[in-house]
Amino acid sequence: MSDNPYLAHRHPTQRGVVPSGSSLSTKEPLYGFLPRNVTGAQVRTAMEQEINPFTKLPLSAQYKKILEMRRKLPVYSQMDDFFKMFSANQIIVMVGETGSGKTTQIPQFVAYSDLPHTKGKLVACTQPRRVAAMSVAKRVADEMDVQLGRQVGYSIRFEDMTEPGTTFLKYMTDGMLLREAMNDPNLDRYSTIILDEAHERTLATDILMGLLKALAKKRKDLKIIVMSATLDALKFQKYFGLTSDTAAPLFKVPGRTHPVEVFYTQEPEPDYVEAAIRTVLMIHRAEDPGDILLFLTGEEEIEDACRKIKLEADDLVNQDSDSVGPLVCIPLYSSLPPQQQQRIFDPAPSARTPDGPAGRKVVVSTNIAETSLTIDGIVYVVDPGFSKQKVYNPRIRVESLLVSPISKASAQQRAGRAGRTRPGKCFRLYTEKDFMTELEEQTHPEILRSNLSNTVLELVKLGIKDLVRFDYVDAPAPETLMRALELLNYLAALDDDGNLTPLGAIMAEFPLDPQLAKMLIVSPEFKCSHEMLTITAMMSVPNVWIRPNNQRREADAAKALLTVPDGDHLTLLNVYNQYVQNMHDKNWAWQHYLSQRALAQADNVRAQLQRTMERFDVDLISLADERKLYVNIRQALVCGFFMQVAHKEGEKGNYLTVKDNQVVGLHPSCGLDNQPDWVIFNEFVLTTRPYIRTVSDVKAEWLIEFATNYFDLSSFPDGETKQALQRVVNKKAGKSSGRVDGGDARNSKKQKKNHK
DNA sequence: GAGCACTGC
């Protein structure tokens, strides 16, 4: 409070209430404001003064210009109703369609009501994506006529653009707020928390909803606003109702978009890519000027479709250049370099002759254009009705991507992309009947489609005792929770009663999957923590290898030069080290067919992980003897990934995963120069057939020594794998092992038996 | 002998 000039200098004795009857009243923009009891009229008056109520500085011309625009937003005209509802309720559900202005305006309204700056508190507004948190914060700082990072700021991974004591309105990623909650379960710094884009149902937002619902009962002073799209509102209202049969109040704001006419096909389309190409060309020939957005499922499909559209469009132009204009086709997916992604904002090609037919731009995109990126000027949307979606099978512990039908909500979102600048049309390549009867209402929330080992560790760290009975908006399958608990128990992050161990508490502090966190924390015992830090960082960023279609051989040759034959993990280490030795040179990366973007990310992640290691006194050490070092690295890998081991089966190059007995092959990208008996893998991918990817050679002795519990033979199904292990155990009998078990590195004690 | 929907800490 003392660092607040407003209170400290003028009204030091009043707590959070701006006094009335003061002689300063005429100059005081917040005169008479009672926290959480302000009216729309009061706020509008304050906004129109000459003095910025939060900085005491004169308001700029730009502020006044922006205020003019803000007044036209649908949400602005409902200010009175908003303040009434906000004053009277602890939790509000709000729906505001695209263009309502909710993301920029509501947090400001809340700031005028909460007056967080007078109490040393903050108003937080979460976003699912970093770019959104940054760009909205910038916009709102402009609207409030303050410098970004002062009164208004943002907080995302790698960047905290806030000033403690000054910032009172903070945009942040949902994951960032969840991290904060792990160390401050009451979230005491916040007076109001706004969860924006709740309908996207990210894992972090789902967990936050559960936490905030419980916290609202404990902290009566905490207000919560959940903002979502229309379709989900009732679900959230019921979830956040005070009792089982009352619902949280709904605040509704209309959007500001143009109508979109929707067309369906008469019959189902057997080949959606072919149908999509046909539809794009039909639009180009027959419809008025305006750009087209086509949704497909992945990189290969998109590049392929772009080629075909381009060929056919050129044909059309050649046949009839008097009535068909030029067409450009632009692919869009996340692994494209940013420079190429920018091409979607290029204007459509101009007509060939001054009065010739207009040119047209076609963007062929993954789901990235459904939420993350908006392209202005789109008038036509072609929606085949599919996207790649993550699915998790807890039985075999595998996450995979499957091309699946989209939901109605998703189809609606796609159609909406046609109406951002003027009335548009959406061509759905499925029948209206299928839309009505076959599509699910909502996309399944992420929590139902993911491996939850990370989430479960977070929840336990958050103090949630009974994971099965936690009040989820949608409860995950019990088997998924059991799988997560089992893994965390084997990793010694949780004890046999499900309580967090000291090791688990540290693991939870790392922004990593539990396996990675574990191997990193135990790595000092193997004197290779510098190296494990690098490998962990490299495993936490997108694929560094680039393999252009027309230069596959060159790319493979470049990769061969960097490959370490004992394992892909060592190759990743080598790549990073070479990158650093070559001074992070962009050209070096380019010449070796490596993604400079991914390498730079690895650098960033590595630095963050190193800070976390230092914070918890995890030593950073290396062995000088490289051969011994490479052995130790693979031993440390075993401590994290012992549940992802496969054993060679026969001579055909097939492997059997341990315990699950899935038949898998080494992925063609694997750099091993032979077929070792035992391998440890990072990923199980299900494409043309089941593959394991990022694979290293390990020894059976290590499995038994460093993952004693998991490789307890009495828990093994009979089979070749068990026999092979039995031979190793027999051979080893008589010799004694010197090393401590890899279970709980901190306590250096043997893991307890924990099998059924 | 082949892929990497998209986010997030």
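Residues numbered from 1 in each chain as written. Chains lettered and ligands numbered in written order. Predicted model: local features only at pLDDT ≥ 70, side-chain atom pairs only at ≥ 80, totals over all residues. Heavy atoms only, no water.

A few words on the UniProt feature "domain: Helicase C-terminal" (unreviewed entry) in chain A. Using the residue numbers shown here, the UniProt feature "domain: Helicase C-terminal" (unreviewed entry) corresponds to residues 276–463. The span residues 276–463 carries 34% helix and 23% strand; its end-to-end C-alpha distance comes to 50 Å. (UniProt positions renumbered as here; feature names shortened; annotations may be inferred. Helix = DSSP H or I, 4+ residues; strand = E, 2+ residues; numbered from the N terminus.)

For the rest of this paragraph, the subject is the protein's contact with DNA strand B. Residues in contact with DNA strand B amount to 30 residues; listed here are only the nearest, Arg130, Ser334, Lys388, Asn543 and Arg547. When the atoms of DNA strand B within 4 Å of the protein are sorted by group, sugar and phosphate make up 57%. Between DNA strand B and Arg157, the relevant distance is 2.6 Å, taken from a phosphate oxygen to a main-chain nitrogen or oxygen of the residue. Measuring from a phosphate oxygen of DNA strand B, one finds a backbone N or O atom of Ser334 at 2.3 Å. For the surface near DNA strand B, the element with the most residues is helix α7 (residues 174–183), which contributes three residues. Grouping the constituent residues of the surface near DNA strand B by class yields ten nonpolar, ten polar and ten charged. (Near = heavy atom within 4 Å. Polar contact = N/O pair within 3.5 Å; in protein donor to acceptor, adjacent residues only side chain to side chain. Nonpolar A, V, L, I, M, F, W, Y, C, P; charged D, E, K, R; others polar.)

At a minimum axis separation of 10 Å, helix α5 (residues 102–114) and helix α6 (residues 130–143) run at an interaxial angle of 55 degrees. Taken together, the axis directions place α5 and α6 in an arrangement best described as oblique. The hand of the α5/α6 crossing is right-handed. Across from Thr103, Thr104, Gln105 and Gln108 in α5, the residues of α6 making contact are Val136, Arg139, Val140 and Glu143. (Axes fitted to C-alpha atoms, helices over the stretch in contact; angles between N-to-C directions. Parallel < 35°, antiparallel > 145°, perpendicular 65-115°, else oblique. Left-handed = near helix turned anticlockwise from the far one by under 90°. Contact = heavy atoms within 4.5 Å.)

Here the focus is the side chain of Thr162. Among the structural elements, Thr162 can be located in the loop between β4 (159–161) and β5 (169–173). Thr162 sits in the buried class, given a relative accessible area of 18%. One polar contact links Thr162 to Asp160, side chain to side chain, over a distance of 2.7 Å. Those residues within four positions of Thr162 in sequence are excluded, and the remaining contacts are Gly149, Gly153, Tyr154, Thr167 and Lys170. (Buried < 20%, exposed > 50% of the residue type's maximum accessible area, 1.4 Å probe, protein only.)

Once that is clear, we can look at the sheet that holds strand β17 (residues 645–649). Taken together, five strands build a closed barrel; the order of strands is β17-β18-β19-β21-β20 and the barrel is mixed. Strand-to-strand twist in this sheet, taken as the mean axis angle between neighbours without regard to direction, amounts to 50 degrees. (Pairing = 2+ DSSP bridges.)

Moving on to the pattern of salt bridges. Applying the stated criterion across every chain yields a total of 42 salt bridges. A salt bridge links Arg189 to Glu180; its shortest N-O distance comes to 3.3 Å. Arg189 gets classed as partly exposed once you look at its relative accessible area, which sits at 40%. With its nearest N and O atoms 2.7 Å apart, the salt bridge here joins Arg414 to Asp383. Separated by 31 residues along the polypeptide, Arg414 in helix α14 (residues 408–416) and Asp383 in strand β13 (residues 378–383) bring together distant segments of the chain. Under the relative-accessibility criterion, Asp383 is labelled buried at 0%. (Salt bridge = Lys/Arg side-chain N within 4 Å of Asp/Glu carboxyl O.)

Attention now moves to the environment of Ala733. Checked against the element boundaries, Ala733 lands in the segment after α27 (720–732). According to the relative accessible area criterion, Ala733 is exposed, its value standing at 56%. Residues Ala733 and Met85, spaced 648 residues apart in sequence, show a C-alpha to C-alpha distance of 73 Å.

It is worth spelling out helix α10 (residues 272–286) at this point. Given a rise of 1.5 Å per residue, 15 residues ought to cover 21 Å, and the 21 Å separating the end C-alpha atoms of α10 matches this to within 8%. Inspection of α10 places Tyr272, Val273, Ala275, Ala276, Ile277, Thr279, Val280, Leu281, Ile283 and His284 among the buried residues, and these make up the whole buried set. One side-chain oxygen of the residue at the start of α10 lies 3.1 Å from the amide nitrogen of Val273, identifying that residue as Asp271. (Expected span 1.5 Å × (residues − 1).)

On to the pairing of strand β18 (residues 654–657), then. As defined by bridge partners, β17 adjoins β18 across four bridges and the pair is classed as antiparallel. Each residue of the ladder has a partner; that of Ala646, found in β18, is Thr657. Linking β17 to β18, which pair antiparallel, is a turn of four residues; within it Gly650 sits at a positive phi near 70 degrees. Pairing between β18 and strand β19 (residues 663–666): three bridges, direction antiparallel. Paired with Tyr655 across the strands is Val664, a residue of β19.

The mixed open sheet is built from eight strands, whose spatial order is β4-β3-β5-β2-β6-β7-β1-β8. Edge positions in the open sheet fall to β4 and β8 (250–253), since each of these has one partner strand only. Between one strand axis and the next, the sheet turns through 20 degrees on average, direction left out of account. Sheet analysis places strand β1 (residues 91–96) next to β8, joined by four bridges and oriented parallel. Across the sheet, residue Gly96 finds its bridge partner in β8, namely Val253. Against the sheet, α7 engages β2 (122–127), β3 (152–156), β5 and β6 (190–195), with an angle of about 100 degrees to β5.

Our focus in this paragraph is empty space enclosed by the protein. In this structure the tally under the stated criterion is three cavities of 30 Å³ or more. Taken together, Met47, Asn52, Pro53, Phe54, Leu59, Tyr63, Arg70, Gln108, Tyr112, Glu143 and Met144 form the lining of the largest cavity. Put simply, the parts of the chain that give the lining of the largest cavity at least two residues each are α3 (61–71) and α5. For the lining of the largest cavity, a count of residues per class yields seven nonpolar, two polar and two charged. (1 Å grid on protein atoms, 1.4 Å probe; cavity = no way out; pocket = protein on both sides within 12 Å on 5 of 7 lines; lining within 4 Å. Points joined across faces, edges and corners; volume = space filled by probe spheres on them.)

Here Glu68 is to be found in helix α3. Glu68 sits 77 residues away from Asp145 along the chain, and the two C-alpha atoms are 14 Å apart. Polar contacts involving the side chain of Glu68 include one to the side chain of Arg71, which spans 2.3 Å.

The pairing of strand β14 (residues 386–393) with strand β15 (residues 398–405) spans eight bridges and is classified as antiparallel. Within β15, the position partnered with Asn393 by the bridge is Val398. Hairpin connection, β14 to β15: the antiparallel pair is bridged by four residues, and Arg397 has positive phi, about 55 degrees.

What follows deals with the UniProt feature "domain: Helicase ATP-binding" (unreviewed entry) in chain A. Taking the numbering used here, the UniProt-annotated feature "domain: Helicase ATP-binding" (unreviewed entry) corresponds to residues 83–249. Counted over residues 83–249, helix gives 40% and strand 22%. Its end C-alpha atoms are 13 Å apart.

With a phi close to 70 degrees, Lys56 is a non-glycine residue in the positive phi region. The topology assignment puts Lys56 in the loop between α2 (40–47) and α3. In this model, Arg201 sits at a positive phi of 55 degrees, which is unusual for a non-glycine residue. Here Arg201 shows up in the loop between β6 and α8 (203–218).

Next up on the list: the state of the cysteines. Tallying each qualifying case throughout the model produces zero disulfides. The closest cysteine sulfur to the non-disulfide-bonded Cys306 is located on Cys329, 3.6 Å from its own sulfur. Judged by relative accessible area, Cys306 falls into the buried class, the value being 8%. Here Cys528 is not disulfide-linked; the sulfur of Cys639 is the nearest cysteine sulfur, at 9.2 Å. (Disulfide = S-S within 2.5 Å.)

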